[in-house]
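So the chains spell out like this:
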Amino acid sequence: MFESMASHSRFASGAAWTIASSVNRVLPEGALPAPSWAPGRLLKKHQRTPMRTGVPRRTLSLCPDCNREAVEAVLRGKSDVAGFRQRPGIIDAEILEEGGRILMRKACETHGPFEDVLSNHPDFFQRMEAQSFGGDFDCVGDREVHNHGPNSIRAGRGSYLIVDLTNRCNMMCRPCFMDANGVGYVDETDMEDLKTIFERAGSFKPNRDINVLFSGGEATLSPIFVDAIRHAKSMGFHRLHVSTNGIRFAESRDFAVEARAAGLHSVYLQFDGVSEEKNKHRGLGNYMEVKLRALENIAAAGMQTTLQVTVVNGLNNDCVGEIVRFALRNADQIHGVIFQPVMFTGRDERISTEDRYAERYPLSQLAYDLQAQTSIDWQPMRDWFPASAYAIFSHLDDVLDRGSERGSLFPDMHPDHAIMSPLLVDTEKGKAIPIPTFFDLGRFMQDVVQITDSGRPPRVTRAMVLLSLLRNFNQGKAPSGLGPYELRSLFEGSLYRFTRSDDDWSRQASAKTARWRLMFLNGMWFQDAYNYDFATIYNSSTPVATWQGEISFCAYNGGGWRKVLESVHHTATVADWYRNHGRHQIYAAGKKVRLVESLSSRPEPLVQIEAAPVGTFLTRG
């Protein structure tokens, strides 16, 4: 009887949608609003600059050796920043399918051929590209922010603004994309630099909300860490996060409380596995103890944690399922997981060709490894979407909220470089299920694009979205207890991930009272010189804020800009820094962090996670 009622409800909502959308198509399209934060009217899908996709295709890339030589010329004083800006080592490249893989091939007249693997699942690669939403506005008024020659960002605001506070670190990891503690100098951002960074961050259009991610090195070592959070908050930035190894948070709950009071919203915690064995490459002797203590102190301070996983093929790709299981078992503390395939920069810049082939982890492999390592019917071709799909809901919010001074967060990552999959978490029964199991997310997103493009008044737009929500919901396949009301609450409750923020945003976003929660699993691929694609740089979703403007994270680290700018800007040599400030503690070669505060009592299986696949996960006692 229940299945019959669910089927009838779905049929009725589908019929209502058919009628409403037919009327909507007959009526002339309305114009979208022109908010003050945008350089013009909001863009309809056909007006957006399409992402460069398709196989085969030609593009521009870097010769890794020419790029390295161009950087070294600046470091030796034989060239300057202006010279590097225009001549970073560009060569032609081709992206093609061959032997069941998507490859990038290129050849330098001086240094010979290079090849790298972009995907080992061509169908998945092409599925992500086919669902691209398109880019954001071209930037206006950004002359002082984006001036990096062919590496310049030309469109969009990005979804993360990375602010490096220091290149010092209290660990000595491999891999390390920036070679922290290994470059011979210390580069620290001071308050004057920071003020300039945030003044510039709001100086151009589109002026959207953005996630500020304080980073390093280890950002918590910076003497201005808390002041930096406080200043960003005073400038109207409320999405404040830190990327950290968690040592300072593990050492002191008071430190976490102080950061939260200053305005920190959440923590991106380095986490490469659920055991000491899987984290030996990090060099920390009591890795899991530190992570668990950090998680507890962060949560006690009222903040959320996102696990940030560097995936190296042959090292920890066999435990991505266990990491998801760990996240689900700790869903009261963990907001989501970002898997980041290793990029060969910094400490790994001179990796051998053999090791690069062996360790490269194509982003598409994540979806198939999670399918193999879990038992929740996680289907790569059904349950994964390009992360830029988030922007569809950002755009919906922009259409509905027309008087805001800032636009919503707009993640327009290239579909080859960022993917996502949402899981529904039932906190009462300890279960997780991919959303597309019972909800046609792909069709719902197409509906939302159609609705927003029609340019109807907000009240009509909301009604159409609700109809689409109901018609794409298959209650017969949904978990028991999840009905249309709960589905609507889930959808509305998750919009804070994309919509604009205000003074109370962090508290509301951190509230967790409902039985049902969404946990988003994300994969983000950052380019190095071997797989560099200039066609994806112009709308970087992860700009790095520097003294010379905002630069794509890939260009900054994979394209050599970090070394060039730090060589000009650095604060002191390491010897001079130690002489004036003393040495900071570095935990390497098995050295343990001394933790004074006691860890709250937890059942032992929290850290000894068995190899059983994710299906029903155990809740903590």
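Before reading further, recall that the structure is shown in the block above.
Here's a quick rundown of the structure.

How each quantity is defined
- Residues numbered from 1 in each chain as written.
- Predicted model: local features only at pLDDT ≥ 70, side-chain atom pairs only at ≥ 80, totals over all residues.
- Heavy atoms only, no water.
- Helix = DSSP H or I, 4+ residues; strand = E, 2+ residues; numbered from the N terminus.
- Rg over C-alpha atoms; globule rule 2.2 N^0.38 Å.
- Contact = heavy atoms within 4.5 Å.
- Lys, Arg positive; Asp, Glu negative; His and termini not counted.
- Charge placed at Lys NZ, Arg CZ, Asp CG, Glu CD.
- Pairing = 2+ DSSP bridges.
- Axes fitted to C-alpha atoms, helices over the stretch in contact; angles between N-to-C directions.
- Salt bridge = Lys/Arg side-chain N within 4 Å of Asp/Glu carboxyl O.
- Buried < 20%, exposed > 50% of the residue type's maximum accessible area, 1.4 Å probe, protein only.
- Expected span 1.5 Å × (residues − 1).

## Considering the overall build of the chain
- Scanning the chain for helices and strands turns up 21 helices and 18 strands.
- Relative to its length of 621 residues, the chain is compact, with a C-alpha radius of gyration of 24 Å against a globular reference of 25 Å.
- In terms of overall dimensions, the chain has C-alpha extents of about 75 × 55 × 55 Å along its principal axes.
- A separation threshold of at least 6 residues defines the contact pool for the chain, and within that pool the share at least 24 residues apart is 79%.
- In the chain, 71 side chains carry a positive charge and 73 a negative one; their mean positions are 3 Å apart.

## Quick look at the sheet that holds strand S3 (residues 101-108)
- Within the open sheet, the 4 strands sit side by side as S1-S2-S3-S4. Their pairing is antiparallel. The two strands at the open ends of the sheet, each matched to only one other strand, are strand S1 (57-62) and strand S4 (112-119). Sheet twist, expressed as the mean angle between neighbouring strand axes with direction ignored, is 30°.
- Here 7 bridges tie S3 to S4, and the two strands are oriented antiparallel to one another. Bridge pairing in S4 links Leu103 to Val117.

## A word on the pattern of salt bridges
- With the rule as written, the count across this model stands at 37 salt bridges.
- A salt bridge links Glu192 to Lys195; the nearest nitrogen and oxygen atoms lie 3.9 Å apart. Linking Glu192 with Lys195, this pair stays in helix H5 (residues 191-201), spanning 3 residues, or about one helical turn.
- Here Lys195 falls in the partly exposed class, since its relative accessible area comes to 33%.

## Focus: helix H2 (residues 64-75)
- Its 12 residues give H2 an end-to-end C-alpha distance of 17 Å, which sits within 8% of 16 Å, the value for a rise of 1.5 Å per residue.
- Here H2 has its buried residues at Pro64, Asn67, Arg68, Ala70, Val71, Ala73 and Val74.
- Where the residues of H2 are buried, they touch S1, helix H3 (81-86), S3, S4, helix H19 (553-558) and helix H20 (561-569).
- Of the residues trailing H2, Gly77 is marked for its positive phi of about 80°.

## Considering the environment of Asp332
- Among the secondary structure elements, Asp332 is positioned in the loop between helix H10 (320-329) and strand S11 (334-341).
- Separated by 294 residues in the primary sequence, Asp332 and Ala38 place their C-alpha atoms 37 Å from one another.

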